[in-house]
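# Commentary on secondary and tertiary structure
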There are 2 protein chains.
Amino acid sequence: MNAAPLLAYINKYISLTEDETELLLSKIVYRKYLKNQYIVQQGDVCRHEGFITSGCTKMFYIDANGQEHIVMFSIEDWWVSDMGSFITQTPADYHIQCIENTELIQFSYETIEGLYLEIPKLERFFRKIVERSIVAFQKRIVRNFSLSAKERYLVFKKNYPNIEQRIPQYMIASYLGITKEFLSKIKSQLILEQ
Amino acid sequence: MNAAPLLAYINKYISLTEDETELLLSKIVYRKYLKNQYIVQQGDVCRHEGFITSGCTKMFYIDANGQEHIVMFSIEDWWVSDMGSFITQTPADYHIQCIENTELIQFSYETIEGLYLEIPKLERFFRKIVERSIVAFQKRIVRNFSLSAKERYLVFKKNYPNIEQRIPQYMIASYLGITKEFLSKIKSQLILEQ
DNA sequence: AATAGATGTTAAACTAGGTTAACATCATTT
DNA sequence: AAATGATGTTAACCTAGTTTAACATCTATT
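Residues numbered from 1 in each chain as written. Chains lettered and ligands numbered in written order. Predicted model: local features only at pLDDT ≥ 70, side-chain atom pairs only at ≥ 80, totals over all residues. Heavy atoms only, no water.

With that settled, the discussion passes to the interface of chain B and chain A. Listed by partner, the interface residues are 37 residues for chain B and 37 residues for chain A. Between chain B and chain A, a total of about 3600 Å² is buried, with carbon and sulfur atoms accounting for 67% of that surface. A salt bridge links Arg124(A) to Glu113(B), with the shortest nitrogen-to-oxygen separation between them at 3.9 Å. Counting across the interface, chain B meets chain A through six residue pairs in polar contact (both at pLDDT 80 or more). Put simply, the parts of the chain that give the side of chain B that touches chain A at least two residues each are strand E4 (56-62), strand E5 (68-75), helix H3 (83-88), helix H4 (109-118), helix H5 (121-146) and helix H8 (169-176) of chain B. Of the residues forming the side of chain B that touches chain A, the biggest block, 19 residues, is contributed by H5(B). Looking at the side of chain B that touches chain A residue by residue, the class counts come to 19 nonpolar, seven polar and 11 charged. (Contact = heavy atoms within 4.5 Å. Buried area = accessible area lost by both parts, 1.4 Å probe. Salt bridge = Lys/Arg side-chain N within 4 Å of Asp/Glu carboxyl O. Polar contact = N/O pair within 3.5 Å; in protein donor to acceptor, adjacent residues only side chain to side chain. Helix = DSSP H or I, 4+ residues; strand = E, 2+ residues; numbered from the N terminus. Nonpolar A, V, L, I, M, F, W, Y, C, P; charged D, E, K, R; others polar.)

We now examine the protein's contact with DNA strand D. Around DNA strand D sit 14 residues in total, of which Ala149(A), Gln169(B), Tyr170(B), Glu181(B) and Ser184(B) are the nearest. Counted by atom, the contact set of DNA strand D within 4 Å of the protein is 74% sugar and phosphate. Backbone polar atom of Gln169(B) to a phosphate oxygen of DNA strand D: 2.8 Å apart, as the coordinates give it. Take Ser184(B): an N or O atom from its side chain is 3.0 Å from a phosphate oxygen of DNA strand D. At three residues, helix H9 (residues 180-193) of chain B tops the list of elements feeding residues into the surface near DNA strand D. Tallied by class, the residues present in the surface near DNA strand D amount to five nonpolar, six polar and three charged. (Near = heavy atom within 4 Å.)

Our next topic: the relation of the copies chain B and chain A. Aligned on chain A, chain B shows an RMSD of 0.1 Å; the corresponding rotation is 180° and the shift along the axis is 0.1 Å. In symmetry terms, the pair is related by a two-fold rotation axis. Considering only C-alpha atoms, the part of chain B nearest the rotation axis is Arg127(B), at 2.2 Å. Counting the interface residues of chain B, we find that 100% of their copies in chain A are interface residues as well, pointing to one common contact surface. (Least-squares fit on C-alpha atoms with pLDDT ≥ 70 in both.)

Turning our attention to the sheet that holds strand E8 (residues 102-108) of chain B. Residues and elements named next belong to chain B. Spatially, E1-E8-E3-E6 is the arrangement adopted by the four strands of the open sheet, whose pairing is antiparallel. Both outer strands of the open sheet, strand E1 (29-33) and strand E6 (79-80), are each paired with one neighbouring strand and no more. Two strands pair when backbone bridges link them, and strand E3 (residues 48-54) and E8 are joined in this way by six bridges, in the antiparallel orientation. Among the inter-strand pairings, Phe51 is bridged to a residue of E8, identified as Ile105. Running at roughly 60° to E8, H4 makes contact with E3 and E8 of the sheet. (Pairing = 2+ DSSP bridges. Axes fitted to C-alpha atoms, helices over the stretch in contact; angles between N-to-C directions.)

This is the structure in structure tokens:
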């Protein structure tokens, strides 16, 4: 495993000196998970923030009726954590489970807090990526209100063309907020429309 | 107008020295808007981040059918900006309009960027508040999927008890993602259930 | 090759929430 | 006091999406 993708990603937002890069690399912990393993479980405290170098995960929530609702998928170059749990170090609301065998770089809460003190620039880096992420969530809220299920599916396909083939359809349905049966109906409608 | 609420708010996350506080105060611009005035308009670049000291605003989006969808309300001690527009300095997707006469403390893009350099601790402050904000948005997405309209209304009432009286119901309906007629129906059902 | 488990499809009956339209109430302006 | 505009309610009818259930397909394991 190697840290190049993480360094490249960080360098899109800030520039680290050689010393800072070395310090960061010295803190890196690699971790491998198999398909179906849990990175975080609802109720546990999320102790790490992870940067995916390969694989794919889903973050989801089980509602009062036992139904699964997928909040987000993460693939290479994305971060995984239950942020609410991580920042407050209290029990997680969500599960994060691997959809494929997944390799990631993990930073524990203590490591990240230490790095913020040693490399203050990292505060800027994380501020920026979280800001971007907020914008994406806001857009998703708007889409969920103003678009029909079919339109949301088309937006999903356009925004995540490479993710669709890697994920079973019933999970995509859950992400879109519809049943797998209805997604199936939408897909057959789209085929007829061509 | 005074900056005490902002300083108190910032001090919940970081502690500023006297010099830093003074520097921050020297950059402060107060701004008053009347009810119905726009702070940001869809299509304009959002040039400021504002901290509300009094009043109430809505951030909304007009969809392809001309329908208004409210993304969030903001009141005292909350921030207002179209974050997507602000961080990239490109045209805004949303309108932000005052529901009441509103007073706020404004920071221009240039001022904030300057302050980040002069008071690096502010990066930490904003990192922390955006992290909190993301958690709230995630929860909202989950609620929108897993709760019925009636349940969402009850959660809204519980989470924002003091906001409800200040805002017309048709706006609350828009925030909840339902029509005003259906909210009206929900309310009469709730009265009958008592 | 057979079985089991996971995934995907189809269709009929149902329901949460939308649409339309008419009316009620309240506040503001003249 | 009347008129206007903004807000809220009610009810009949409609539709997007759900539920249930049966079946189809694919993959992995024995």
